[in-house]
Amino acid sequence: MNSQLMRRTNFNTISNAWKFLYNKKKFRNILSAQPVQTLFSETGTWEPEYGVETRRRLERWWHHRIQDQVQTAVATECKSKFYVLSMFPYPSGKLHMGHVRVYTIGDAIAHFHRLQGKKVLHPMGWDAFGLPAENAALERDLDPEVWTNSNITHMREQLKNLGFCFDWHREITTCHPDYYKWTQYLFVKLFEAGLAYQKEAIVNWDPVDKTVLADEQVDEAGCSWRSGAHVEQHFIKQWFLRTTNYARSLLKGLEDLPDWYGVKSMQANWLGDCSGCRLHFALLVNGQATGETLEAYTATPEAVYGSSHLCIIPSHPLLAGSGAISQALWESHQPNTGVLVGVRAVHPFTMQQLPVVVVSLKDTFDDYVNCMIGIPSTSHESAELAHKLGFSWSPVIEVIGETQRVINSEKFSGSERTQAAEAVMQYARDLGVGGHPTSTKLRDWLVSRQRYWGTPIPIVHCPSCGPVAVPVVDLPVHLPKISHLSEKGGSPLKSAHHWLHCSCPRCGSEAQRETDTLDTFVDSAWYFLRYTDPHNTKKPFDKVVADTWMPVDVYVGGKEHAVMHLYYARFLCHFCNDIGLLSHREPFKKLLVQGLIKGQTFRVPSTRRYVEKARVEFTDSGEALLKKNGERLMLTWEKMSKSKQNGVDPSEAFGQHGCSTVRLWLLYAGPPEEDLLWDVHSDKLTGVLRWQKRLWMLVTQLREVRARGEIPNPSCLSSNDQQIVNALRDNKNLTIEMVTRHFTNDFGLNAALSRLMGLTNLLKLPEHLMLHSVVFEDTFAALSIMIAPLAPHFASELWAGLCSVKNKQSTCYDWKSTILQQRWPVTDAYYKAPSDTIEMLVKINNKSCGTLTMAACVARDADAVRALVEQSDLGKGLLTGRTVTRTILSPRTNLVNFLVH
């Protein structure tokens, strides 16, 4: 045989072989690129066991396919939007399981609403400025920008590898000029509105990191959250935002947030009773104007015409400062009386000159008040002091029966007290002398930091003009490169001489830039708005675009941010609404404040520093010792973080168990608001994997039953079979209803999983029902779709297995499309929901003890729930003879926990 004939023969042989393989059904999908491809189409067989290698292979297979499906998802004709936001991370370099829990919850909710046909916004970005990056760069002699960007690259890859489906084309990074330009823009707007100002103040000072700390960055022992050093009190000139001017607005705005559950009361408590106000009094010394003002608080603004004096505390900034005014005030101090002789405060309404008294004890005042208006008509303490020191005043409150009116108060005389209070505050606002309703609990937001790695404050200090805002057209004020951050402390930007010296934007004379940077809370107070329009180069966001997406429909994040961050974000949104940048006043419609994932921590008692587990050894009795010297360590469970050395690398857990199993465990282990202890040996992790294997086996059995060649015939089912089928149909409908409610109302995803597991158990039917019942097929398909938001990789392969089943009967689904292209199942038209009852999970001292059926109308009343439980057989068996110290009713899930002893 010559060579040409041999080549032709070999070609024909190979060609015939390929034709043969193409005609074999099990290979056809590989070559024709059908929409649904499964692992068995790749390997030629359906794996009978859901083993470790199968899990890894299916997750590799579906990883990019799922990402592509989400990025190209198109909403149906309804075009309704859903904005699900997870708190963006600080780029520390590694994700930990706490991050994974937050993003798993948000990812599941996003997938659910896509399946409902909505246009979903699910973005991700980086809270990239801040002290940790600067310290890390100092330790490694690196540029903080290089360190931060390398961490972002690594963490972005981690998030993608873990299968989270974010809108990466909307990614933002707060340390990039195209973001912080607009942070500076908002600061300028606040400055122009009189809401950003600079003053001397007593601050928390970290002597190691040499910077100001916010209150929440100081632990219960008075130590810095990061360095561990004991925090000192320093007196420094700082920048503030007048958040107190918005106190009443922020308090009233809570009325429009019914779905904030427990956080709403936390916010209300933080804001306090906003019925009082601060007024501004010009200060005179020996009859001469000083240019200084005293901000003094009163809880009864309607009575300010009856003021007799002002009281200030010894640590008041005017007294504690180092300037000439402080020295003059102390020189005028009369020790026995506290009176500042020769010092007078000018009443902003009457121009009356009131004496100023230094009180001896701070606890005379409430909370953050450092200067109080003395009004004898409404304060017994003020009346006593005025009598003692011989101050004069006019009575301003008249009581006639049950009515109280204002008298001796010029145009407000004769008004009822409540009406007068509002009118007086408005009058003060019109005069520009305060009058914004606030409480004693609030103080203005301190936003400046004496560090390098932050947004430069866009202010120029001119000897002639004072502080001047950088014009918007000249933004951003770039953070300059500093060649070597050799030491911590004191505004490193002062060393950037080429950047520091500039011209005044107003008069053109020589001036200097502000060298403090903004606290990172400012960056994160508006990032959710930038997500709506992240590539806008003309403004922070387009109003029409932002209004399309805002408010955020559900905000997922840690409960440690339930007060401060939300307070700041709400303040900035109220401000943006006032200046016409935004139509919505409240930024977040619903909150899902999830609990922490806690890891084991090891702390050296003598230094209070955390050490990593690799440096720890354990005794036979379980004590933890430091390896190098045998020192006994404090062992606790705390929030996972890099600073506590207790983070768990998610890639290890995902590599061992698979992303689907870990996601399901995180969702199933407890209600979202509960803290979890990271324990890979948890029974619930085993239970989740066992459930996945049952589902896998059901697909395997259905494929085998339908592959035998017998055509399904629903009419051959007996009456007994039909009863089983009807019960299955009712349970399917009930599950759809309840799981949908959990996704949309209470976010009880653990309860949703329990319901799906219960429905799975009902699918364990005789083979003839699996063959002939359309309801079985329909229920299995609906179940798989409901699993998809929770574990999209696993559900995608289940669906692919269902799609490959022969002789399918159900016409409710698009069997040629993937599971994430399906529509969320709905209940059958005939279905009527059962009576309005719920199953309440009962716990005793945090341990599950059973469930109790009760009417949904009483399930939100803790006293009623407790009474029902105590009267039930379950309660009698558990609570008889024991003292209930506290009844905790979950705000979202059907769970009651009795703490007893």
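Just so you know, these numbers come straight off a predicted model, no measurement behind them.

Caption draft 1: Layout of the overall build of the chain. Summing up its helical and strand segments, the chain has 29 helices and 35 strands in all. On the principal axes, the C-alpha backbone points of the chain span a range of 120 × 80 × 65 Å. Within the chain, the proportion of its 901 residues that are buried is 53%. Here the analysis covers contacts within the chain between residues at least 6 apart in sequence; of these, 72% occur between residues at least 24 apart. Accessible area of the chain: about 39800 Å², with a carbon and sulfur share of 51%. If the 97 positive side-chain charges of the chain are averaged to one point and the 92 negative ones to another, these points end up 7 Å apart.

Caption draft 2: Quick peek at the side chain of Ser 86. You can see Ser 86 is positioned in strand E1 (residues 81-86). Using a relative accessible area of 0% as the deciding quantity, one classes Ser 86 as buried. Discounting chain neighbours no more than four positions away, the residues touching Ser 86 are Val 102, Tyr 103, Gly 106, His 122, Tyr 527, Tyr 555 and Val 556.

Caption draft 3: Structural context of empty space enclosed by the protein. Considering all chains together, one arrives at two cavities of 30 Å³ or more under this definition. Counted as a void, the largest cavity has a volume near 50 Å³. Surrounding the largest cavity, Thr 183, Leu 186, Phe 187, Leu 190, Leu 241, Trp 445, Val 522, Trp 526 and Leu 572 form its lining. Top contributing element to the lining of the largest cavity by residue count: helix H8 (residues 177-192), with four residues. Among the residues making up the lining of the largest cavity, the classes are represented as eight nonpolar, one polar and no charged. Roughly 30 Å³ of internal volume is contained in the second largest cavity. When contributions to the lining of the second largest cavity are tallied by element, the ones reaching two or more residues are strand E24 (552-558) and strand E25 (588-594).

Caption draft 4: Broad picture of the sheet that holds strand E6 (residues 211-213). Taken in spatial order, the four strands line up as E6-E5-E7-E17 in an open sheet, and their pairing is antiparallel. Each edge of the sheet is formed by a strand with only one pairing partner; in this case those strands are E6 and strand E17 (445-446). In this sheet, E17 lies alongside strand E7 (residues 232-241) in antiparallel orientation, the contact comprising two bridges. For Phe 240, the partnering residue across the bridge sits in E17 and is Leu 446. Across the face of the sheet, H8 comes into contact with strand E5 (196-206) and E7 while running at roughly 85 degrees to E7.

Caption draft 5: Expanded view of the packing of aromatic side chains. The tally for this structure, following the rule as stated, stands at 37 aromatic pairs. Considering the side-chain rings of Phe 112 and Trp 824, the 4.7 Å spacing of their centres and the 80 degrees angle between planes classify their relative orientation as edge-to-face. Note that Phe 112 is positioned in helix H5 (residues 97-115) and Trp 824 in the loop between helix H27 (792-803) and strand E32 (837-844), a separation of 712 residues in sequence. Across this residue pair, the class does not change: Phe 112 and Trp 824 are buried. An aromatic cluster is present here, built from Phe 88, Tyr 527, Phe 528, Tyr 531, Tyr 555 and Phe 588 joined pairwise through their rings. Cation over ring: Arg 65 sits above Trp 61, and NZ or CZ is 3.6 Å from the ring centre. Here the basic side chain of Lys 160 rests over the ring of Trp 168, its NZ or CZ set 5.4 Å away from the ring centre.

Caption draft 6: Up close: the environment of Ala 511. Mapped onto the elements of the fold, Ala 511 is located in strand E22 (residues 510-513). Not counting chain neighbours up to four residues away, the residues in contact with Ala 511 comprise Val 460, His 461, Cys 462, Leu 500, His 501, Cys 502, Ser 503 and Cys 504.

Caption draft 7: View of the pairing of strand E8 (residues 276-285). Taking burial as the measure, the ten residues of E8 include eight buried ones, the bulk of the element. Here E8 runs beside strand E16 (residues 434-438); their pairing, made up of three bridges, is antiparallel. Residue Leu 279 lies in a different strand from E16, and its bridge partner there is Gly 434. As judged from the eight bridges shared by E8 and strand E9 (residues 288-298), these two strands associate in the antiparallel manner. Within E9, the position partnered with Arg 278 by the bridge is Tyr 297. Where E8 lies against strand E11 (residues 339-346), four bridges are found, and the strand directions are antiparallel. By the bridge assignment for E11, Leu 283 is matched with Ala 345.

So, how was this worked out
- The residue numbers shown here count from 1 along each chain, following its written sequence.
- Side-chain atom pairs in this predicted model are given and counted only at pLDDT of 80 or more, local residue features only at pLDDT of at least 70, and totals for whole chains, interfaces and linings cover all residues.
- Think of the side-chain values as coming from all heavy atoms in the structure, minus any hydrogens and water.
- Per the convention used, a helix needs a DSSP run of H or I reaching at least four residues, while a strand needs a run of E reaching at least two, with both numbered from the N terminus.
- Think of it in three bands: residues with accessible area under 20% of the maximum for their type are buried, residues over 50% are exposed, and the middle band is partly exposed, with areas taken using a 1.4 Å probe on protein chains only.
- Whether two residues are in contact is decided by their heavy atoms: any pair within 4.5 Å suffices.
- We get accessible surface area from the Shrake-Rupley algorithm with a probe of 1.4 Å; when it comes to residues, only the shown protein chains can shield them.
- The charge count treats Lys and Arg as positive and Asp and Glu as negative. His and the chain ends do not count.
- Where a charge sits is defined by one atom per residue type, namely NZ (Lys), CZ (Arg), CG (Asp) or CD (Glu).
- Computed over the protein atoms alone on a 1 Å grid, cavities are sets of points where a 1.4 Å probe fits but cannot get out and pockets are open sets with protein on both sides within 12 Å along at least five of seven lines; a residue lines them when it has an atom within 4 Å of a point.
- Grid points are joined across faces, edges and corners, and a volume is the space filled by probe spheres set on the points.
- For this classification, the nonpolar set comprises Ala, Val, Leu, Ile, Met, Phe, Trp, Tyr, Cys and Pro, the charged set comprises Asp, Glu, Lys and Arg, and every other residue, Gly included, is treated as polar.
- Strand pairing follows a simple DSSP-based rule, namely that at least 2 bridges must link the two strands.
- Every axis in this analysis is a line fitted to C-alpha atoms, fitted for helices over the stretch in contact. Angles between the N-to-C directions lie between 0 and 180 degrees.
- Two rings from Phe, Tyr or Trp (for Trp, the six-membered ring) form a pair when their centres sit within 6.5 Å of each other. Planes less than 30 degrees apart are called stacked, planes more than 60 degrees apart edge-to-face, and all others tilted.
- Here, a charge over a ring is recorded when the distance from Lys NZ or Arg CZ to the ring centre is within 6 Å and its angle to the ring normal is within 35 degrees.

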